[in-house]
Amino acid sequence: MFALLVGPHAADMASAMVEGMEGFRRSKEARGHAAALVRPPDLLPEDRFDPQPIVDDGSIFVCKARIDRRADLAGRLNLAPQRARVMADSQLLHLGWRRWFETCAQEVSGDYSYAAYDPIKECVHAAVDHWGGAAGLFWARTPAGLVLADNLALLLRHPEVDRTLGRAELVGFTQSGIDRESTPYPAIRAVPGGHRLFWAGGQVKVERWWKPVTTPRFGQDPLSVVEEARALLRQATCERMRSSGKVAATLSGGMDSGIVTALAASAHPDTPMLAYTGVPEPGLEVICRAGWEANDGPAAAQTAALYPNIVHRLTSVGSRSWPQLISRINRDSALPVRGSANLLWLDEISRQARADGARVLLTGQHGNFSLSHSGDGALLELAARRQWRSALRLLGAGGSPWAQARMLKRYAAAQWRHRPGRPPAAPSQDFLLPEARALAQPSFLFRDRPFTRANWLRFATAAPHYWRCDAAERWGLDWRDPTADRRFLEWILQLPLAAFRMDGRDRGLAREIGRGLLPEPVRLRTARGAQSADAAAWIRRDRIAFGQLLAVIAGSETARAMLNLPHLQHCFARILSDDAGASDVAQWLQALTLGDFLAQTEHIQ
């Protein structure tokens, strides 16, 4: 965790920010009235060498960093191998900044965010890696300067930062495709993944630096595509296994996390590999949906059985209370957390992994838009290029004529329903009052027509939002996603959509990469794993606590001014009477998350 402060009395402000907190190092105020504070990490073997904050000729540099291909970067920085081995990743990133300054992010790959003050030019350089999935960055103006931090709750401890909530920003929380620069506080903005910030003379400029080549390369040999994809993903996985403790992985019954776990286990066959699968709580009823499986346990167990070194653990929510957990996470994160329906089992997995000695948790979170993209739109792309033979071959390989007719019908319906900037109907907005719903803005994620290359590229390159829990701070775990690796993404973004439909199969590229890595039933599985399929049942089991949370929300003037409380109560009654679908339950929990945050914030203020 780090912060960089620029302005008069920066050192005093830094001290105020960490008052009552332990483990922070503070820099002395540097020339130009800048100061920094850092709580050094302990996630990598080299973190024991971390000297942050790094003060060099008056400049101040702070970061959170895990660097890919350390030896290669050290060579480019003309460092002897012996010296590089006893340097923290923060030191390598600092030397990279000293050499490349504002273009540093383009030269260095990994998971990181950094902020640096240059006293000569009296300016600030800051940047986030291409993705921003494991490191964040927030900034706010102060009366006479600027403050940046990688953690929103830490930044809010600055005495001069405005904590006023923004209604439009909170409405955005309920939308698909949330603004990646937004926070609940209009005075505080985020630097998304793939972006950099420059501050000088009181002016702030945030711009995108990651601009990958996305022109498709047609005519590649399918076998070589699979081999290269597997090699890049294997290297990405191995890079993310550098850890100060054990390495764990989430293991669903699908392909993304399955392939990542298989590659990790096979990379070190003599080392035990922890793998965790979230399953429904025994004895609780699950919601069944067509095309979805409520329990990923059996499929995940098949994958784990292929690798003797995998220690497979099934986890469920147990008797834990969602209202208590969400209140703690909202408070500690200083924002309402999206995806809250899955937090019970994610929290349980993360707690167990940390208790088992893990410091790294591998995931396949971005796989749907990279490794296992469906290839939807391949026919349209081939037709647009007038590659009729290839289009006909793909059409003929895709199953029965009836299946192809259904697919074409789905394409046509999606084109007809498309409204630029408007996402598909978001049921969570039904929980907002009309005057709040009117503040919703068009989303950048839905500008392009569905089933087109442009649509896929927008989702594949969009940085994750920051309305999330800080895993390293909450659990002492670093969540790392090989499917979002920079080299892997920059390679895969140049594939034609047809490459994802090998043998005419949906998600065909992932199925071929998984050949030999996954059991055949898992590799060829078409059903999706349903997360939190038992959510309605544990809501009914914990109805008293949920009722108390609704009462707290109803007692909040701020929540009443934004949320449709009668609709919240009506949906709760439907869940209790077992008359709500999986989507209804997830959207209701999301609305409760917002309500809890509003009530907590009102109490604090």
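Look up a bit, the structure's there.
Attention here is on the structure that accompanies the text. In this numbering scheme, every chain counts its residues from 1 along its sequence in written order. Note on the predicted model: pLDDT of at least 70 is required for a residue's local features to be given, and 80 or more for side-chain atom pairs to be given and counted; whole-chain, interface and lining totals, by contrast, use all residues. Hydrogen atoms and water are omitted, and side-chain values are computed over all heavy atoms in the structure.

Considerations on the sheet that holds strand β16 (residues 310-315)
Stage number 1. The five strands lie next to each other as β16-β14-β13-β17-β18, forming an open sheet whose pairing is parallel. Whereas interior strands pair on both sides, the edge strands pair on one side only; in this sheet they are β16 and β18 (478-480). For this sheet, the mean angle separating the axes of adjacent strands, direction not counted, is 25°.
Stage number 2. The rule for pairing is simple: two strands pair if DSSP sees at least two bridges between them. Under the DSSP-based scheme used, a helix requires at least four consecutive residues in state H or I and a strand at least two consecutive residues in state E, with every element numbered from the N terminus. Pairing between strand β13 (residues 246-250) and strand β17 (residues 358-362): four bridges, direction parallel. By the bridge assignment, V247 is partnered in β17 with V360. Axis definition: a line fitted to C-alpha atoms, limited for helices to the stretch in contact. Angles are taken between N-to-C directions and run from 0 to 180 degrees.

Considering the side chain of T601
Stage number 1. Counting through the fold element by element, T601 comes out in helix α26 (residues 582-604).
Stage number 2. The definition of a polar contact used here is a pair of N or O atoms within 3.5 Å, where within protein one atom must be able to donate a hydrogen and the other to accept one, and adjacent residues in sequence count solely through side-chain atom pairs. Within polar-contact distance, the side chain of T601 engages the backbone oxygen of F597 at 2.7 Å.

Here we look at the pattern of salt bridges
Stage number 1. We define a salt bridge as a contact between a side-chain nitrogen of Lys or Arg and a carboxyl oxygen of Asp or Glu at a distance within 4 Å. According to the stated counting rule, one finds 37 salt bridges in the structure shown.
Stage number 2. The salt bridge involving E293 is made with R525; its shortest N-O contact spans 2.8 Å. One end of the pair, E293, is in strand β15 (residues 292-293); the other, R525, is in the loop between α21 (520-523) and β19 (528-529), and 232 residues separate them in sequence.
Stage number 3. Since its relative accessible area comes to 33%, E293 is described here as partly exposed.
Stage number 4. Whether a residue is buried, partly exposed or exposed follows from its accessible area with a 1.4 Å probe, protein chains only, as a fraction of its type maximum: under 20%, in between, or over 50%, in that order. Looking at R525, the relative accessible area reads 11%, which means it is buried.
Stage number 5. Its salt-bridge partner being R540, residue D578 comes within 3.5 Å of it at the nearest N-O pair. Here D578 is found in the loop between α25 (565-576) and α26, whereas its partner R540 is found in helix α22 (residues 535-541), with 38 residues between them in sequence.
Stage number 6. Taking the relative accessible area as the measure of exposure, D578 reaches 43% and is therefore partly exposed.

What about helix α12 (residues 343-355)?
Stage number 1. For α12, spanning 13 residues, the distance from its first C-alpha to its last is 18 Å, which sits close to the expected 18 Å at 1.5 Å a residue.
Stage number 2. Looking only at α12, the buried set comprises L343, L344, W345, D347, E348, I349, S350 and A353.
Stage number 3. Of the residues flanking the end of α12, it is G357, one or two places downstream, whose phi is positive at about 95°. Multiply 1.5 Å by the residue count of a helix minus one, and that product is the helix's expected span.

A closer look at the packing of helix α11 (residues 322-333) against α12
Stage number 1. Orientation of α11 relative to α12, taken along the N-to-C sense of each, is 75°, at an axis distance of 10 Å. Taken as axis vectors, α11 and α12 run roughly perpendicular relative to one another. Note on element contacts: α12 touches α11 through L343, L344 and D347, opposite W322, L325, I326 and I329.
Stage number 2. Classification used: nonpolar for Ala, Val, Leu, Ile, Met, Phe, Trp, Tyr, Cys and Pro, charged for Asp, Glu, Lys and Arg, polar for all others including Gly. Among the residues forming the contact of α11 with α12, the class breakdown is six nonpolar, no polar and one charged. Each angle receives one of four descriptions, namely roughly parallel if under 35 degrees, roughly antiparallel if over 145, roughly perpendicular if within 65 to 115, and oblique otherwise. Working rule for contacts: check all heavy atoms of both residues, and any pair within 4.5 Å makes them a contact.

Considerations on the layout of surface pockets
Stage number 1. The computed volume of the second largest pocket comes to approximately 520 Å³.
Stage number 2. The distinction between a cavity and a pocket rests on a 1 Å grid over the protein atoms alone: a 1.4 Å probe fits inside a cavity but cannot get out, while a pocket stays open yet meets protein on both sides within 12 Å along at least five of seven lines, and a residue with an atom within 4 Å of a point counts as lining. Residue lining of the second largest pocket: 20 residues in total, with Q220, P222, A498, A499 and M502 positioned closest to the centre.
Stage number 3. When residues of the lining of the second largest pocket are traced back to their parent elements, those giving at least two are α8 (222-239) and α14 (388-397).
Stage number 4. The greatest single-element share of the lining of the second largest pocket, amounting to four residues, is contributed by α14.
Stage number 5. Class assignment for the residues of the lining of the second largest pocket results in ten nonpolar, five polar and five charged. Grid points are joined across faces, edges and corners, and a volume is the space filled by probe spheres set on the points.

What to know about the pairing of strand β1 (residues 2-6)
Stage number 1. Extensive coverage of β1 is indicated by the burial of five of its five residues.
Stage number 2. On β1, burial covers both faces: F2, L4 and V6 on one face and A3 and L5 on the other are all buried.
Stage number 3. Strand direction decides the pairing type here: β1 and strand β3 (residues 34-38), joined by five bridges, are antiparallel. The partner of L5 across the bridge, within β3, is A35.
Stage number 4. Where β1 and strand β9 (residues 145-149) come together, four bridges link them in antiparallel fashion.

Focus on the sheet that holds strand β6 (residues 110-118)
Stage number 1. The six strands lie next to each other as β4-β5-β6-β7-β11-β12, forming an open sheet whose pairing is antiparallel. Sheet topology places β4 (54-56) and β12 (203-208) at the edges, where each strand pairs with a single neighbour. Across the sheet, the axes of successive neighbouring strands diverge by a mean angle of 15°, strand direction being ignored.

Thoughts on helix α9 (residues 256-267)
Stage number 1. With twelve residues, α9 should reach 16 Å at 1.5 Å per residue; the first-to-last C-alpha distance of 17 Å fits that figure.
Stage number 2. Extensive coverage of α9 is indicated by the burial of ten of its twelve residues.
Stage number 3. Regarding α9, the residues found buried are D256, S257, G258, I259, V260, T261, A262, L263, A264 and A265.

Concerning the pairing of strand β8 (residues 138-142)
Stage number 1. The element β8 is extensively covered by neighbouring structure, given that four of its five residues are classed as buried.
Stage number 2. In this antiparallel pair of consecutive strands, β8 and β9, the connection spans two residues.
Stage number 3. Sheet topology places β8 next to strand β10 (residues 188-190); three bridges connect them, and they run antiparallel. The residue of β10 that forms the bridge with W139 is R189.

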